[in-house]
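# Descriptive analysis of the structure
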Amino acid sequence: MEPALKPSSVRNLLLRALLFIVSVFLLRFVYVITVYGGSCTASDYCLLSSQAEPLAVAGNARGSAASVSVVSAHVGLGSSATSALWTSREWRKVVEFYSAMLQDLVVEGFLSPAFKCLCVGSPSGYEVLALKEIGISDAVGVARKRAPPLVVAGGDPLRFPFKNATFDFILVGQSLDHSKQPVDIAAEIERTMRPHGFLAVLTASAADVYSLQSLAQLFPGFINVRAREINYSDSPISLREVVFRKQEGANIVSSKSNSHTECPIHENKLQILQSAEPIIQDEPLKPWIALKRNIHNVKYLPSIADISFKQRYIYVDVGSRSYGSSIGSWFRKQYPKQNHTFMIYAIEADKAFHKEYATKKGVTLLPFAAWIRNETLTFEINNDPSNHDVEKGRGMGRIRPIGGSGSHVSTGSVSAIQGFDFAAWLKRTVTERDYVVMKMDVEGTEFDLIPRLFETGSICLIDELFLECHYNRWQKCCPGQRSPKYKNTYGECLKLFTSLRNSGVLVHQWW
């Protein structure tokens with residue numbers, strides 16, 4: 001009888017058997033990778049076999065592994081890691097979403113297998129893979145970083161590495177939503193798109209008419225073909241797909257061009273105006289209370305519509321006085337900005353407030369008086385007890401042309417200041433692609449400035465206006481008496497507000 005095996009000998013035999021089995025599987029795995037280029041099925045019993053579900057898209061019954069094999073033949077895939085990534089469950093969900101969306105575009109005639117296609121802002125390449133899987137082989141993505149073989153590096157994200165008029169179809173994901181320079185991206189899309197080519201934009205914005213119009217303004221050489229809502233099952237965000245078509249002979253429009261002299265009242269403006277708070281029709285008996293309270297009724301434009309897709313965000317305070325008067329106390333604290341950073345211009349002629357602005361970051365001071373032309377003016381500090389300002393004990397200032405007649409005499413100080421053509425400055429400084437908010441409190445000069453803004457077409461550049469209209473209001477100090485400072489009536493103010501809204505300007509009554 002042979003002696004029993006020792007426990008240590010049994011363990012050695014078991015270990016050797018296990019190592020042999022593992023070696024067999026490893027050799028088989030290396031063989032599959034070498035022969036099949038990384039694509040393996042369950043029959044190969046390779047360690048990284050894919051178990052992904054078939055594409056759930058109408059007219060496409062191929063499984064994900066078969067789809068990847070077809071795509072691999074087109075792009076020269078030879079990486080098992082990439083193949084495994086493309087067939088992972090997470091990738092398949094996203095690719096199938098894009099495949100279904102793109103197949104709809106094929107059916108509608110916006111996309112063809114013969115097209116040369118570009119996917120903008122595609123860091124992973126989901127969209128490119130979806131295009132290739134539905135039979136559009138000439139497709140590539142562009143992003144800041146390379147993700148070969150689907151995505152090439154753009155280097156400069158605002159300059160695509162392609163020649164003019166290269167593509168028949170361009171798909172833009174949500175890169176326009178996240179970019180701080182959507183106008184520059186739009187210019188590159190227009191440059192690389194062939195005439196009559198189609199552009200499809202996916203966005204979480206553009207759900208209202210205002211933001212849809214803002215999106216369309218990014219592509220002046222295109223026409224809006226259609227827009228629709230699309231849903232992605234695993235995302236709580238509703239997406240909108242907007243399709244544009246480039247026109248023959250369309251040129252890239254400079255962001256500085258603006259030759260409008262009349263404001264077209266688009267549907268987006270009408271929708272906004274219908275949602276605005278009503279203008280106070282009856283003259284308030286206590287305007288110092290009623291008009292101040294009215295600011296709580298204001299329907300701010302960003303609370304009504306999405307203000308995305310703008311080149312810049314600008315606030316202009318005409319008659320700003322001190323920083324805390326309205327910029328610091330109201331605009332920066334209360335105005336809804338939808339997480340956008342605003343450039344701020346403070347226009348104030350009173351030298352008493354100039355020094356303060358030197359320490360305020362993000363605010364550009366224009367130490368002049370907003371006027372209808374460039375000329376020297378007189379600047380009067382009013383000491384009317386019914387309308388004084390407690391800021392530093394200084395009264396409100398008012399400008400008048402030198403030598404001009406005035407029906408009322410100020411008891412305050414008078415000095416000479418420089419006035420500038422405010423309407424011309426506005427046209428040089430902003431464009432219709434910018435989002436412009438303005439507050440105007442100019443002590444009666446609004447009856448000169450507003451007509452000038454209409455005359456030059458500069459009024460079209462203002463998205464939202466907060467206007468204080470000065471009139472011979474009832475005095476707080478003297479019941480039954482009107483202020484002698486202004487000759488205009490409340491009825492004339494009402495006509496001014498009404499004319500602005502009838503012209504498509506969202507104007508609010510400031511106090």
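The structure reproduced in this document is the subject of the present report. Values in this document were obtained by computation on a predicted structure and should not be read as measured data.

### Considering the nonpolar core
Grouped together as the largest cluster of nonpolar side chains are 38 residues, with contacts concentrated most on Phe422, Met440 and Leu465. Only strand 8 (313-318), strand 9 (343-347), helix 14 (422-429), strand 15 (435-440), helix 15 (446-456), strand 16 (464-467) and helix 16 (490-502) provide two or more residues apiece to this core. The element best represented in this core is helix 16, accounting for six residues. In contact with Leu465, not counting residues within four places along its chain, are Met438, Met440, Ile450, Leu500, Val505, Leu506, Val507 and His508. In terms of nonpolar packing, the next biggest core, distinct from the first, is built from 32 residues, Leu129, Ala130, Ala139 and Phe198 among them.

### Overview of the state of the cysteines
The full count for this structure, using the stated rule, is one disulfide. Here Cys469 pairs with Cys493 through a disulfide, and the sulfurs are 2.0 Å apart. An S-S torsion of about -85 degrees defines the bridge between Cys469 and Cys493 as left-handed. Taken together, the residues span a long stretch of sequence, with Cys469 in the loop between strand 16 and helix 16 and Cys493 in helix 16 at a distance of 24 residues. Across this residue pair, the class does not change: Cys469 and Cys493 are buried.

### So, the packing of aromatic side chains
Tallied over the entire structure, the rule returns 28 aromatic pairs. An angle of 80 degrees between the planes, with centres 5.3 Å apart, marks the rings of Tyr345 and Trp425 as edge-to-face. Of this pair, Tyr345 sits in strand 9 while Trp425 sits in helix 14, and the two are 80 residues apart along the sequence. Classification of Trp425 as buried rests on a relative accessible area of 10%. Each ring, one from Tyr471 and one from Tyr490, has its centre 5.2 Å from the other, and the planes form 70 degrees; the classification is edge-to-face. One end of the pair, Tyr471, is in the loop between strand 16 and helix 16; the other, Tyr490, is in helix 16, with 19 residues separating them in the sequence. Take Tyr471 and Tyr490: they sit in the same class, and that class is buried.

Conventions and cut-offs
Residues numbered from 1 in each chain as written. Predicted model: local features only at pLDDT ≥ 70, side-chain atom pairs only at ≥ 80, totals over all residues. Heavy atoms only, no water. Core = buried A, V, L, I, M, F, W, Y, C linked by side-chain atoms within 4.5 Å. Buried < 20%, exposed > 50% of the residue type's maximum accessible area, 1.4 Å probe, protein only. Helix = DSSP H or I, 4+ residues; strand = E, 2+ residues; numbered from the N terminus. Contact = heavy atoms within 4.5 Å. Disulfide = S-S within 2.5 Å. Phe/Tyr/Trp six-rings, centres within 6.5 Å; stacked < 30°, edge-to-face > 60°.

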